[in-house]
Amino acid sequence: MYCKSFKDEKLSCLGMGNMRLPTIGEGRDAPIDYEKSAEIIDYAMKNGINYYDTAYVYFNGGSEKFLGTVMPKYPRDSYNLATKFNLGANPDYKAVFAEQLERLNTDHIDFYLLHAIMDNNADGYLESGCIDYFLQMKAEGKIRYLGFSSHASVAVLEKVASHHQWDFAQIQLNYLDWTLQDAKGQYEVLTSRNIPIVVMEPVRGGRLASLSPKADELLKSAQPDWSIASWAFRWLMRLDNVQVVLSGMSNLEQIVDNVNTFTEYQPLTDEQAALLEEACEIFRTEFTVPCTACRYCTDGCPAGIEIPDVMSGYNKYKLDGPMGLGAIMGMEPGPKDCVGCQACEAVCPQGIKIASIMAELAEVKMPPRP
């Protein structure tokens with residue numbers, strides 16, 4: 001596993017995200033499949049991954065509890081735990097931190113983050129007193145490194161990044177968002193302040209693991225042995241300030257492919273990067289909704305709609321017409337049940353106009369079967 005230096009240690013360039021672990025059944029409340037998930041963790045540890053990312057809200061706390069169950073069989077200094085404080089989930093940062101130590105079955109957290117800073121909550125984080133408390137926990141050795149994850153605009157990111165000298169920061173960074181959501185500007189803000197970057201959504205929740213038939217064919221013709229996802233990872237290797245790339249690997253096939261990609265440092269050449277941009281441009285013409293299935297939108301939905309499933313169906317609809325909607329048309333509750341409250345839009349890191357999409361889908365009529 002290729003590693004990079006961070007402070008006085010080495011961090012694996014590939015990190016294990018624990019937001020998309022295998023589950024027993026489907027749906028928002030489906031529990032983690034401990035057996036399958038543990039197999040992924042074991043493979044990760046065996047192959048040199050030493051960074052494990054989770055959060056207070058993942059699986060309603062189940063992700064932290066899972067790691068607290070499976071990780072203690074390994075020496076504590078052989079891996080790094082990263083988790084996050086979410087102000088919106090529970091503003092009592094002292095109680096949350098104590099609960100996280102218990103869930104994770106540890107006496108310290110290696111990488112601790114303020115979770116999902118956005119334009120509408122940044123001041124809340126900065127004014128809550130949590131940063132001073134977490135700096136105190138750092139001084140006491142209960143936190144080793146303090147950072148934040150951000151989906152904020154460049155201007156708000158600058159404000160947060162300037163608060164003090166953070167140890168690291170986590171942003172959504174991939175070749176599509178480099179211009180689509182000005183990830184380039186965010187990268188430059190952090191790099192100019194010497195803040196190392198942990199990357200989330202390198203393949204946009206799997207959306208960049210397969211682009212479109214035409215775009216995929218272009219890349220496969222150039223490198224038949226590379227997965228489409230590996231192009232996204234190798235593109236990130238071109239960025240010197242990227243420290244760790246997180247991947248929410250939900251099956252062994254994914255982690256095997258990703259480990260193979262990160263076995264050695266093999267960034268895209270300039271020629272390969274230009275080819276990827278060509279493939280991306282083909283994809284952009286077909287791409288509609290930048291949903292990463294982060295699920296921040298679902299908990300506050302008064303109708304209980306599985307919004308990420310609808311967004312996925314909407315993309316297929318835009319590519320394939322009404323026949324691409326498939327099961328979305330029969331969802332209960334579904335787009336027709338949306339009340340247009342826009343609560344989902346207030347917490348969507350991608351700024352998707354969800355209510356208008358729901359209204360559009362509610363009016364779609366399926367054509368008769370041939």
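You'll find the structure just up there.
The paragraphs below set out a description of the structure included in this document. (Residues numbered from 1 in each chain as written. Predicted model: local features only at pLDDT ≥ 70, side-chain atom pairs only at ≥ 80, totals over all residues. Heavy atoms only, no water.)

**Looking at the pattern of salt bridges**
- Inspection of the entire model under this criterion finds 20 salt bridges.
- Of the charged contacts, one joins aspartate 42 and lysine 73 as a salt bridge, the two residues approaching to 3.0 Å between their closest N and O atoms. With aspartate 42 in helix 1 (residues 34-46) and lysine 73 in the loop between helix 2 (62-70) and strand 5 (80-85), this residue pair connects regions lying 31 residues apart in the sequence.
- Residue class for aspartate 42 comes out partly exposed when judged on its relative accessible area of 28%.
- Ionic pairing is found between aspartate 110 and arginine 144, a salt bridge with its closest N-O pair at 2.9 Å. Of this pair, aspartate 110 sits in strand 6 (residues 109-117) while arginine 144 sits in strand 7 (residues 143-150); the two residues are 34 residues apart in sequence, bridging distant segments of the chain.
- Given the relative accessible area of 2%, aspartate 110 is considered buried.
- Each member of the salt-bridge network shares a partner with another, and the members are Glu9, Arg76, Asp110 and Arg144. (Salt bridge = Lys/Arg side-chain N within 4 Å of Asp/Glu carboxyl O. Helix = DSSP H or I, 4+ residues; strand = E, 2+ residues; numbered from the N terminus. Buried < 20%, exposed > 50% of the residue type's maximum accessible area, 1.4 Å probe, protein only.)

**So, unusual backbone geometry**
- The omega torsion of the bond from glutamate 332 to proline 333 falls at -5°, within 30 degrees of zero and hence cis.
- Considering the arrangement of structural elements, one finds proline 333 in the loop between helix 13 (307-320) and helix 14 (343-347).
- Phi at phenylalanine 59 is positive, roughly 55°, even though this residue is not glycine.
- Mapped onto the secondary structure, phenylalanine 59 falls in the loop between strand 4 (51-53) and helix 2.
- The phi dihedral of aspartate 182 is positive, around 50°, even though this residue is not glycine.

**Structural notes on the layout of surface pockets**
- Its volume calculated, the second largest pocket comes out at about 280 Å³.
- Surrounding the second largest pocket, 19 residues form its lining, His151, Ala152, Ser153, Gln181 and Pro349 being those nearest its centre.
- When residues in the lining of the second largest pocket are grouped by element, the largest group, three residues, is from helix 14. (1 Å grid on protein atoms, 1.4 Å probe; cavity = no way out; pocket = protein on both sides within 12 Å on 5 of 7 lines; lining within 4 Å. Points joined across faces, edges and corners; volume = space filled by probe spheres on them.)

**Some details on the packing of helix 1 against helix 2**
- Direction vectors running N to C along helix 1 and helix 2 enclose 65°, while the axes themselves pass 11 Å from each other. Considering the relative orientation of helix 1 and helix 2, their crossing is right-handed. Along its contact with helix 1, which presents Tyr34, Ser37, Ala38 and Ile41, the element helix 2 presents Gly62, Lys65, Phe66, Leu67, Thr69 and Val70. (Axes fitted to C-alpha atoms, helices over the stretch in contact; angles between N-to-C directions. Left-handed = near helix turned anticlockwise from the far one by under 90°. Contact = heavy atoms within 4.5 Å.)

**As for the state of the cysteines**
- Overall, the coordinates contain zero disulfides when judged by the stated rule.
- Here cysteine 280 is not cross-linked by a disulfide; its sulfur's nearest cysteine counterpart is in cysteine 291, at 18 Å.
- Exposure remark for cysteine 280: the relative accessible area of 0% places this residue in the buried category.
- Here cysteine 291 stays unpaired: no disulfide links it, and the sulfur of cysteine 297, its closest cysteine neighbor, is 6.4 Å away. (Disulfide = S-S within 2.5 Å.)

**Focus on the packing of aromatic side chains**
- Overall, the coordinates contain 23 aromatic pairs when judged by the stated rule.
- Ring geometry for tyrosine 34 versus phenylalanine 66: centroids 5.1 Å apart, planes at 85°, classification edge-to-face. Of the two residues, tyrosine 34 is situated in helix 1 and phenylalanine 66 in helix 2; the sequence distance between them amounts to 32 residues.
- The buried category is assigned to phenylalanine 66, whose relative accessible area is 0%.
- Aromatic rings pair up to connect Phe85, Tyr93, Phe97, Tyr112, Tyr125, Tyr133 and Phe134 into one cluster. (Phe/Tyr/Trp six-rings, centres within 6.5 Å; stacked < 30°, edge-to-face > 60°.)

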